[in-house]
Amino acid sequence: MGKTYERIDGRLRTFIEAQPLFFTATAPLSADGTVNLSPKGLKGSFAVLDERTVAYLDFAGSNAETIAHLRENGRITLMWCAFQGPPNIVRVHGRGEPVFRDDPRFQELLTRFPDIDPTLHGLRAVIVVTAELIRDTCGYAVPFMAYEEDRDLHAKRFAREDDASLDEYFRRKEHVRTSLDGLPGLPLPLPPSTF
């Protein structure tokens, strides 16, 4: 049923890169902390960097739980489900880190996402994940669902923001600078964009 992989390549890489949706799961170290599970989409916002490293663009939103948890402990799981074709679920368990706009690696990482315009989405960080365990399972109970297209609402909402107004938006949101559990979230002030 399930299989463990040494690397993200071949059929596994092809499957991951073809999915229009994936999920991220993180949690704080505190036993009574809030576990976070987030859907991620937008074609072009995910990339396989090498056989054990993946990355995705972290866009503006009303909280920053993933960033807070990664800053505290680095633990993350990514999951992809086959909603079309043969049943399959792939999980990458690993260590992640948010690479913020003022990090020297940020600009080079952006080149790995040539099919998306980061100015439209209030880009906050690039999340880089190093795989520690890569597994797939059957996915027999996952329903068939058809992908139609990405929603354009996120780009419409955040394309009108500049760095100053985006920083103000983040400051107004209760759980961007600080997580639900009081952990440090997105560092503010937001560094100026250079993209």
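Structure shown above.
The paragraphs below set out a description of the structure included in this document.

About the criteria used
- Residues numbered from 1 in each chain as written.
- Predicted model: local features only at pLDDT ≥ 70, side-chain atom pairs only at ≥ 80, totals over all residues.
- Heavy atoms only, no water.
- Salt bridge = Lys/Arg side-chain N within 4 Å of Asp/Glu carboxyl O.
- Buried < 20%, exposed > 50% of the residue type's maximum accessible area, 1.4 Å probe, protein only.
- Helix = DSSP H or I, 4+ residues; strand = E, 2+ residues; numbered from the N terminus.
- Arc of directions from axis to C-beta.
- Contact = heavy atoms within 4.5 Å.
- Pairing = 2+ DSSP bridges.
- Core = buried A, V, L, I, M, F, W, Y, C linked by side-chain atoms within 4.5 Å.
- Polar contact = N/O pair within 3.5 Å; in protein donor to acceptor, adjacent residues only side chain to side chain.

## Description of the pattern of salt bridges
Tallying each qualifying case throughout the model produces ten salt bridges. In this structure, E97 and R105 form a salt bridge, with 3.0 Å as the shortest nitrogen-oxygen distance. Residue classification places E97 among the partly exposed positions, given a relative accessible area of 35%. The class for R105 is partly exposed, based on a relative accessible area of 38%. Taken together, the shared-partner salt bridges connect E97, D103 and R105 into one network.

## Concerning helix α1 (residues 10-18)
In an α-helix, one turn spans 3.6 residues, which is why side chains three or four residues apart end up on the same side. Residues of α1 that are buried include every one of L12, F15 and I16, and no others. Take α1 and look down its axis: the buried residues cluster within an arc of 95°, on one side only. Facing away from the buried side of α1, by more than 90 degrees, are the exposed residues R11, T14 and A18. Structurally, α1 contributes buried residues whose contacts are with β1 (3-5), β4 (46-50), β6 (75-81), β7 (89-100) and β8 (125-137).

## A few points about the pairing of strand β2 (residues 22-26)
Of all five residues making up β2, four are buried, and the element is well covered by its neighbours. Note that β2 and strand β3 (residues 36-40) share five bridges and pair antiparallel. Following the sheet pairing, F23 is matched in β3 by P39.

## Some thoughts on the nonpolar core
Within the largest apolar cluster, 34 residues are counted, with the highest numbers of intra-cluster contacts made by I16, F46, L78, W80, F170 and L186. Where this core is concerned, the elements lending two or more residues are α1, β4, β5 (53-58), α2 (65-72), β6, β7, β8 and α5 (163-172). The residues contacting L186, other than those within four sequence positions of it, are A64, I67, R71, F100, R124, F170, V176 and R177. By size, the runner-up hydrophobic cluster in this structure holds 15 residues, among which are L49, A55, L110 and V128.

## Points about the environment of R124
Within the fold, R124 resides in the loop between α3 (106-110) and β8. Taking the relative accessible area as the measure of exposure, R124 reaches 4% and is therefore buried. It is 31 Å that separates the C-alpha atoms of R124 and E6, two residues lying 118 residues apart in sequence. Residues contacting R124, with those up to four places away along its chain left out, are D58, F59, A60, G61, N63, A64, I67, F100, R101, F170, V176 and L186. For R124, the side chain forms a polar contact with the main-chain oxygen of N63, separated by 3.1 Å.

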